[in-house]
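Each chain, written out:
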Amino acid sequence: MKLQFKKTDLINAINIVSKAVPSKTTMSILECILVDASNGKIELVGNDAEFGIQTVCAGTILEPGKVALEAKIFSEIIRRLPEAANIEVTIETDERNNTVITCENSVFKIAGRDGNEFTALPKIDKNQSVSLSQFMLRQIISQTIFSISANDSNKKMTGELFEVNGDDFNVTSLDGHRISIRRIKLNQNYEAAQAIVPGKALNELSKILSGGVYDEVIVYFSTNHIMFEFNDTLVVTRLIDGDYFHVAQMLSEDYETKIVVNRKNFLDCLDRSTIFVKDNEKQPLVLKIEENVLGLKIKTDLGTMDAEIAIKKTGNDLMIGFNPKFLADALRAIEDEEVTIYMSIPRSPCFIRDDKKTYNYMILPVNFNAEAYR
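### Examining the pattern of salt bridges
Any two side chains of opposite charge can pair, given that their charged atoms come close. Tallying each qualifying case throughout the model produces 24 salt bridges. The closest approach of N and O atoms between Glu229 and Lys126, which form a salt bridge, is 3.6 Å. Taken together, the residues span a long stretch of sequence, with Glu229 in strand β15 (residues 225-230) and Lys126 in the loop between β10 (113-114) and β11 (129-133) at a distance of 103 residues. By relative accessible area, Glu229 is classed as partly exposed at 26%. A salt bridge links Glu204 to Lys207; its shortest N-O distance comes to 3.6 Å.

Laid out in structure tokens, this is it:
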């Protein structure tokens with residue numbers, strides 16, 4: 001095999017597929033990046049057996065073939081090559097997969113492995129798919145991914161539910177303390193589909209989506225996998241098994257207190273309140289809702305904060321406590337100038353949603369000693 005690349009094209013492709021190379025694995029071949037030029041184009045592949053990325057890299061095939069190269073060494077060599085414009089890199093292998101990487105006066109010799117040993121990405125049935133903009137997909141991932149759980153004790157909480165129903169595309173996440181739901185309209189009606197997609201894969205996917213409003217991504221649903229196709233790149237991940245939680249049963253339209261508040265003002269106060277919260281500390285931020293005023297108070301060993309924000313209130317006065325980070329995460333995911341928050345009693349969750357329900361965030365309250373905050 002003998003290939004020629006521009007350094008910028010090669011490093012971009014390496015950066016994309018490296019996101020699927022595992023840091024630890026019992027299968028050493030998966031610590032490699034596959035360079036495959038056996039089918040008339042140059043493809044780079046990273047795969048950890050659960051999550052894989054394949055991308056086409058611009059370059060010239062002088063002799064076809066394929067080889068698996070240790071990802072860390074390969075990427076470090078290419079990254080440290082000279083930065084001159086249009087600089088070219090040549091990769092050449094022999095029948096024993098010994099690999100020579102040449103760039104101007106620099107020559108690197110590394111041991112490659114047989115590309116046929118590399119675990120190929122699973123073949124995905126392309127009968128069921130939806131199309132949307134990369135901008136929209138990246139946005140709804142960022143607006144919900146913070147609500148997945150980092151704890152593997154309940155696998156379904158580590159993923160997001162993707163649901164397609166006609167022209168509705170819904171994404172839901174939850175971690176046992178909060179729920180995030182985003183709804184968008186697709187450009188046409190599609191067959192109903194549902195999948196629990198691992199959060200790890202979605203985090204990496206969002207980093208390589210271009211984000212363009214007019215740049216398309218096609219999402220293919222299958223029984224065990226989901227695939228995202230865009231910009232000559234394929235991202236494939238195994239789905240999380242089982243039925244998702246009955247989220248609709250956790251949502252409520254009832255409320256006894258409703259407030260409308262300026263999102264930025266509220267978010268600024270929440271950010272200031274976390275000055276006194278140590279990492280992993282669960283000290284509540286207490287909201288005291290009265291006529292046209294929202295009071296915020298937090299008390300920790302480091303100090304206290306009191307603040308007030310003007311609001312529009314409907315219903316009862318209320319004192320209720322929340323994890324300030326959870327409120328801030330939801331508000332950062334909303335672009336509206338004002339947000340509407342619905343509450344009932346101190347032990348019931350609050351709901352932050354718009355009239356069209358394009359977003360709906362549920363946050364559970366936390367217990368606190370009310371007398372200490374009066």
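Okay, back to it.
### Here's the deal with the sheet that holds strand β19 (residues 293-300)
Read across the open sheet, the 10 strands follow the order β12-β13-β24-β23-β22-β17-β20-β19-β18-β21; overall the sheet is antiparallel. Pairing within the sheet leaves two strands with one partner each, and these edge strands are β12 (159-174) and β21 (318-322). Averaged over all neighbouring strand pairs, the angle between strand axes comes to 25 degrees, with direction disregarded. Pairing of strand β22 (residues 338-343) with strand β23 (residues 350-353), which is carried by two bridges, proceeds in the antiparallel orientation. When the sheet's bridge partners are listed, Tyr342 is paired in β23 with Phe351. Packed onto the sheet, helix α3 (residues 134-142) meets β12 and β13 (178-198) and runs at close to 40 degrees relative to β12. Along the sheet face, helix α6 (residues 324-332) touches β13, β18 (285-290), β21, β22, β23 and β24 (359-363) and points at about 180 degrees away from the line of β24.

### Quick word on the environment of Ala248
Structurally, Ala248 can be placed in the loop between β16 (233-238) and β17 (257-262). When the C-alpha atoms of Ala248 and Asp9 are compared, they prove to be 46 Å apart, with 239 residues separating the residues in sequence.

### Description of the packing of α3 against helix α4 (residues 199-208)
Relative orientation of the contacting elements α3 and α4 amounts to 135 degrees, with a least axis distance of 10 Å. Considered as vectors, α3 and α4 are oriented oblique to each other. Two packed elements cross with a definite hand, and for α3 against α4 that hand is left-handed. On α4, the residues touching Leu137, Arg138 and Ile141 of α3 are Leu202, Leu205 and Ser206. Residues belonging to the contact of α3 with α4 are distributed by class as follows: four nonpolar, one polar and one charged.

### Focus: the packing of helix α5 (residues 263-273) against α6
Put simply, α5 and α6 touch, their axes get as near as 9 Å, and they point 145 degrees apart. When the axes of α5 and α6 are compared, the crossing they make is left-handed. In this structure, α5 uses Arg263, Phe266, Leu267, Leu270, Asp271 and Ser273 to contact α6, whose residues at the interface are Pro324, Leu327, Ala328, Leu331 and Arg332. Taken together, the residues that form the contact of α5 with α6 break down as seven nonpolar, one polar and three charged.

### A look at the nonpolar core
One finds Leu137 and Phe228 to be the most contacted residues of the largest nonpolar core, which totals 61 residues. Per-element tally for this core: the top contributor is β13, with six residues. If sequence neighbours within four positions are ignored, Leu137 has contacts with Leu132, Phe162, Phe169, Leu205, Leu209, Val217 and Phe228. Among the nonpolar cores identified, the runner-up in size contains 34 residues, and Phe266, Leu296, Leu331 and Met343 belong to it.

### Observations concerning the packing of aromatic side chains
Inspection of every chain in the model, using the stated rule, returns six aromatic pairs. Here Tyr255 and Tyr342 contribute two aromatic rings whose centre-to-centre distance is 5.1 Å and whose plane-to-plane angle is 65 degrees, an arrangement assigned as edge-to-face. Of this pair, Tyr255 sits in the loop between β16 and β17 while Tyr342 sits in strand β22, placing them 87 residues apart in sequence. On the basis of relative accessibility, which here comes to 9%, the residue Tyr342 falls in the buried class. A connected cluster of aromatic rings, assembled from ring pairs, spans Phe146, Tyr359 and Tyr361.

### Digging into helix α2 (residues 71-79)
Of the positions making up α2, those classed as buried are Ala71, Phe74, Ser75, Ile77 and Ile78. The arc that holds the buried residues of α2, viewed along the axis, is 160 degrees, so those residues lie on one side. For α2, the secondary structure elements touched by its buried residues are α1 (7-17), β2 (32-36), β6 (66-70), β7 (88-93), β8 (98-103) and β9 (106-111). In this structure Glu70 caps α2, since a side-chain oxygen of it lies 3.3 Å from the backbone nitrogen of Lys72.

Rules of the game
Residues numbered from 1 in each chain as written. Predicted model: local features only at pLDDT ≥ 70, side-chain atom pairs only at ≥ 80, totals over all residues. Heavy atoms only, no water. Salt bridge = Lys/Arg side-chain N within 4 Å of Asp/Glu carboxyl O. Helix = DSSP H or I, 4+ residues; strand = E, 2+ residues; numbered from the N terminus. Buried < 20%, exposed > 50% of the residue type's maximum accessible area, 1.4 Å probe, protein only. Pairing = 2+ DSSP bridges. Axes fitted to C-alpha atoms, helices over the stretch in contact; angles between N-to-C directions. Contact = heavy atoms within 4.5 Å. Parallel < 35°, antiparallel > 145°, perpendicular 65-115°, else oblique. Left-handed = near helix turned anticlockwise from the far one by under 90°. Nonpolar A, V, L, I, M, F, W, Y, C, P; charged D, E, K, R; others polar. Core = buried A, V, L, I, M, F, W, Y, C linked by side-chain atoms within 4.5 Å. Phe/Tyr/Trp six-rings, centres within 6.5 Å; stacked < 30°, edge-to-face > 60°. Arc of directions from axis to C-beta. Polar contact = N/O pair within 3.5 Å; in protein donor to acceptor, adjacent residues only side chain to side chain.

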